Every structure is written in structure tokens, then in C-alpha cells.
Amino acid sequence: MAVKRKFVSTRLLKEGMRIDQSIVDATGRSLIEKGAFLDDFQIEYLQGKGVGGIYIQEGEPDPDEVELQIPQYTRELIEKNRVEDRAKVKLSESVRKRVGEGIQFLYNNTDSDNFSETTNNVANELMKTIVDNDAVAVDISMLKVSDEYTFKHSVDVATMAMVIGKKHGLSDKDIHDLGIAGLLHDVGKSKIPNEVLNKPAKLTDEEFALMKQHTLFGFEILKNRNEFPDSIMRGVLQHHEKINGRGYPLGASEDKIHLYAKIISVADVYDALVTERPYKKGFPKSVAVEMIMAMTGELDFDAMKSFLASVILYPVDSIVTLSSGEMAKVIENNPENALRPKVVGLKTGQIYDLANDVKCASLIIQ
């Protein structure tokens, strides 16, 4: 989408709008740089000075156009300092197709004689992908297997959980079984009426109480088959439990929640936050990570640490915009801090080590 310039009255300005002009004082000193994202303090300043309106930018620049405008010196600097991302999960089109068909079969045929076999086959596909890629990280934007939320969500959660489990140091068997629990964590929703499951508005108290039963329904589906180990069934049953004991369905305390459930819970919350639904917009990935980091009273800390070390928010070569207004290119990710990679400013050619350079403490990716 091309960037458009628009004149806006200062009384209509909102935090986060991107200014398309420089604001200078009487001496010519720049007070607000062109391209900066406005904050409340700057908006109050403009209003207090009686400025009637300013130009702002709407839309996002075309990445291809941005690439063409990078100076040669900056290109050479990027190439010299660029560090490839950790190996990520990559689902080929054929794998996406098989996994997508498999997960739809599972959620639509919970009584099938082929249920367990299909579950294993889908988990094997994901496991093979992780092993073949030697994957230790996941880029959530690359996982889409279906347009239907429940199916996409189940595969996203399973894949993330398996990579988190690998980072956590689990055995191959545990990673595989964790993947099965992730694939089936919402299988109980197959017993929820569609008018409740797909309601494009806030659920009533009665509807929400029914929705919360999906963990019990899923547990019963697996238990009745007598084909799944206790670890997988507990992963399905407990993925909405919280370490403070305020989760559901049992209000289990931290020491009673299975590790599979703790890991699935982190992946489940993250994917739900970033995914757009008919009744809500998805949060930006960086905001979702910050929200996860704030949930230390609900999510297992070790599982959260393994998640944060596994997720890639800004893949190397991504074009991002800094809070200063400058556009930059990601040249290296930091496994210890997914929110603050190393970037090169496209305008200045300056390297910003957002995680380790104290001079960059006030800079964030917008």
C-alpha cells in the first residue's frame, strides 16, 4: 500500500500517527523529525502552541520501493554485518496441504477408526519438518495452513509447542507427543454448537461457560478411545489452567499442571492474541510478546522463556520503522530479546544494536 499525505487538525491527532513534516522552532532547531510517530506529549505541545494542523502519513511504503532507495554504502554495510536467522520451521506447500487436510479430518471425525493414525501422521509431518530444517525457531507469519481459525490455530499451536519443547530440552518422543497434544488441544470444540463457536460477538455468560467445557470434552474424546497416554490427555485437559490456580476446568495449582499443558498454554495465548477474528483485531506480534511477558502470574516462567527464545518477530532482511521515524533493515536477531534485534538505519547507514547499546535504549520498533 502506498504512503499518502494527509492534513489533519491538531485536535484530531492521535498517539502513533506518523508526521510527514518537520516541526522546527524559531531558531531552526528541529523539535519533531519528519517520519516520527507522535506521542501524547508532542500532540499536547502542538496544541499548546496553537498549531492548527499538520501533515501526517497514512499507509505503509511498498517494500520493493524501499529496497530500491537503499544507498550503495548502506547495502554494503548490511551485507557485511548480516547474520542469518536461526533455522526456522518451513512448511512446504505439500506439507501444508497434508497437514491442513489431516487436522480438518480430526476435528470433523472424532469417532473415526483412523483418528489416532491420522493424529500420528500429522504430528510426524511436523516433526519431520522440524528435524529436516534443524529448526530451533518459528516465524508465526509463515505457518498458515487453512483459512478456518480452529484448524489454523491448532497447527500453529502444535508447531510452536514442538519448537518450544525442543528449546526446553525435551526428548524427541516428548516433542512428538507434545505436538499431538497441541494438535488436539481444542478438539473438544467439535462438541460446541457452531452458533456458539463461531459467534461474531461477545459470548453470553452461559455461552462462555459452555465454551470453557471444551477442555473436558476434549479429554473425554481421548479418554474414551483408550489410545492416548496420560501426558497427552493432560496437555489437552489443562491447557487453560494457570499457575496461580485461577484457570479452568479444575483450578489446578502450578505443581499439578503437566509440562505439556504449560507449554501449550503459552503457544495458545500467543496465537490467539495475534490472530484476527470476526469480533476482534489481532495484536501486532511485538505487542503480543509484551503481553505474554506480563503474564508471569499465569504462565509458567520456564515455558515462557523457551517461547521467547524460539519466536522470531522480525526475520533478518525485514524492513521496520523505528520510533524515531527512520526506516531500518534487520540484520541480526537476538535470541535473548525477540523485541530488540540489530538493525541498520536506511537513511543514516547507522547500526542500531537495540538490545545491547545503551544509546538505543529509547528506540523501539514501531
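Residues numbered from 1 in each chain as written. Predicted model: local features only at pLDDT ≥ 70, side-chain atom pairs only at ≥ 80, totals over all residues. Heavy atoms only, no water.

Caption draft 1: View of helix α1 (residues 40-48). Residues of α1 that are buried: Q42, I43 and L46. When α1 is viewed along its axis, its buried side chains cluster within an angular range of 100 degrees and face the same direction. Exposed and oriented more than 90 degrees from the buried face of α1 are F41, E44 and G48. In this structure D39 caps α1, since a side-chain oxygen of it lies 3.2 Å from the backbone nitrogen of F41. (Buried < 20%, exposed > 50% of the residue type's maximum accessible area, 1.4 Å probe, protein only. Helix = DSSP H or I, 4+ residues; strand = E, 2+ residues; numbered from the N terminus. Arc of directions from axis to C-beta. Polar contact = N/O pair within 3.5 Å; in protein donor to acceptor, adjacent residues only side chain to side chain.)

Caption draft 2: Quick look at the packing of helix α4 (residues 93-108) against helix α6 (residues 149-167). The geometry of α4 relative to α6 is characterised by a closest axis approach of 10 Å and an angle of 115 degrees between their N-to-C directions. By the criterion of interaxial angle, the relationship of α4 to α6 is roughly perpendicular. Here the hand of the crossing between α4 and α6 comes out right-handed. Packed against α4, whose contacting residues are V99, I103, Q104, Y107 and N108, the element α6 presents T150, F151, S154 and V155 at the interface. Its residues placed into classes, the contact of α4 with α6 shows five nonpolar, four polar and no charged. (Axes fitted to C-alpha atoms, helices over the stretch in contact; angles between N-to-C directions. Parallel < 35°, antiparallel > 145°, perpendicular 65-115°, else oblique. Left-handed = near helix turned anticlockwise from the far one by under 90°. Contact = heavy atoms within 4.5 Å. Nonpolar A, V, L, I, M, F, W, Y, C, P; charged D, E, K, R; others polar.)

Caption draft 3: The sheet that holds strand β8 (residues 342-345), seen in detail. Across the sheet, which stays open at both edges, the four strands sit in the order β6-β7-β8-β9 with antiparallel pairing between neighbours. Whereas interior strands pair on both sides, the edge strands pair on one side only; in this sheet they are β6 (319-321) and β9 (351-353). Within the sheet, the average angular offset between the axes of one strand and its neighbour, ignoring direction, is 40 degrees. Of the strand pairs in this sheet, β8 and β9 are connected by three bridges, and their pairing is antiparallel. Residue K342 lies in a different strand from β9, and its bridge partner there is D353. Relative to β8, helix α3 (residues 72-81) is tilted by about 165 degrees, and along the sheet it contacts β7 (327-332), β8 and β9. (Pairing = 2+ DSSP bridges.)

Caption draft 4: Region of interest: a negative patch on the surface. Together, E15, D39, D40 and E44 make up a region of like negative charge exposed at the surface. Of note, D40 is situated in helix α1. (Patch = residues over 30% accessible without salt bridge, like charges linked within 9 Å, V, L, I, M, F, W, Y side chains within 5 Å. Areas by Shrake-Rupley, 256 points an atom, 1.4 Å probe, with all protein chains shown as cover. Salt bridge = Lys/Arg side-chain N within 4 Å of Asp/Glu carboxyl O. Lys, Arg positive; Asp, Glu negative; His and termini not counted. Charge placed at Lys NZ, Arg CZ, Asp CG, Glu CD.)

Caption draft 5: Highlighting the sheet that holds strand β5 (residues 53-58). An order of β1-β5-β2 is seen for the three strands of this open sheet, with the pairing classed as antiparallel. Each of the sheet's edge strands pairs with one partner strand only, and the pair in question is β1 (4-9) and β2 (18-19). Direction of pairing for β2 relative to β5: antiparallel, over a ladder of two bridges. Within the sheet, the bridge partner assigned to R18 lies in β5 and is Q57.

Caption draft 6: Looking closely at the environment of T275. Mapped onto the secondary structure, T275 falls in the loop between α12 (259-274) and α13 (285-293). For the pair T275 and K285, spaced ten residues apart in the sequence, the C-alpha separation amounts to 9.5 Å. Not counting chain neighbours up to four residues away, the residues in contact with T275 comprise Y149, K152, K280 and G282.

Caption draft 7: Fine view of the packing of aromatic side chains. All chains considered together, the criterion is met by four aromatic pairs. Ring geometry for F7 and Y55: centres 5.2 Å apart, planes at 70 degrees, overall edge-to-face. Remark: Y55 occurs in strand β5 and F7 occurs in strand β1; sequence separation between them is 48 residues. Judged by relative accessible area, which is 49%, F7 ranks as partly exposed. Ring geometry for Y107 against F151: centres 6.1 Å apart, planes inclined by 75 degrees, an arrangement best described as edge-to-face. Residue Y107 is located in helix α4, and its partner F151 is located in helix α6; the two are separated by 44 residues in the primary sequence. Judged by relative accessible area, which is 6%, Y107 ranks as buried. Relative accessible area serves as the criterion here: at 9%, F151 is assigned to the buried category. Above the plane of the ring of Y55 lies R5, whose end atom (NZ or CZ) is 3.9 Å from the centre. (Phe/Tyr/Trp six-rings, centres within 6.5 Å; stacked < 30°, edge-to-face > 60°. Lys NZ or Arg CZ within 6 Å of the ring centre and 35° of its normal.)

Caption draft 8: Focus on the pairing of β5. Here six bridges tie β1 to β5, and the two strands are oriented antiparallel to one another. Looking at the pairing, R5 lines up with Q57 of β5.

Caption draft 9: Main features of helix α10 (residues 214-225). In a regular helix each residue adds 1.5 Å, so twelve residues correspond to 16 Å; α10 covers 17 Å between its end C-alpha atoms and thus fits that length. Taken together, the buried positions of α10 are occupied by H214, T215, G218, F219, I221, L222 and R225. What you see down the axis of α10 is that its buried residues fit within an arc of 155 degrees, all on one side. Packed against the buried residues of α10 are α5 (115-132), α9 (205-211) and α11 (230-237). In the segment just after α10, N226 is the residue with positive phi, at about 55 degrees. (Expected span 1.5 Å × (residues − 1).)

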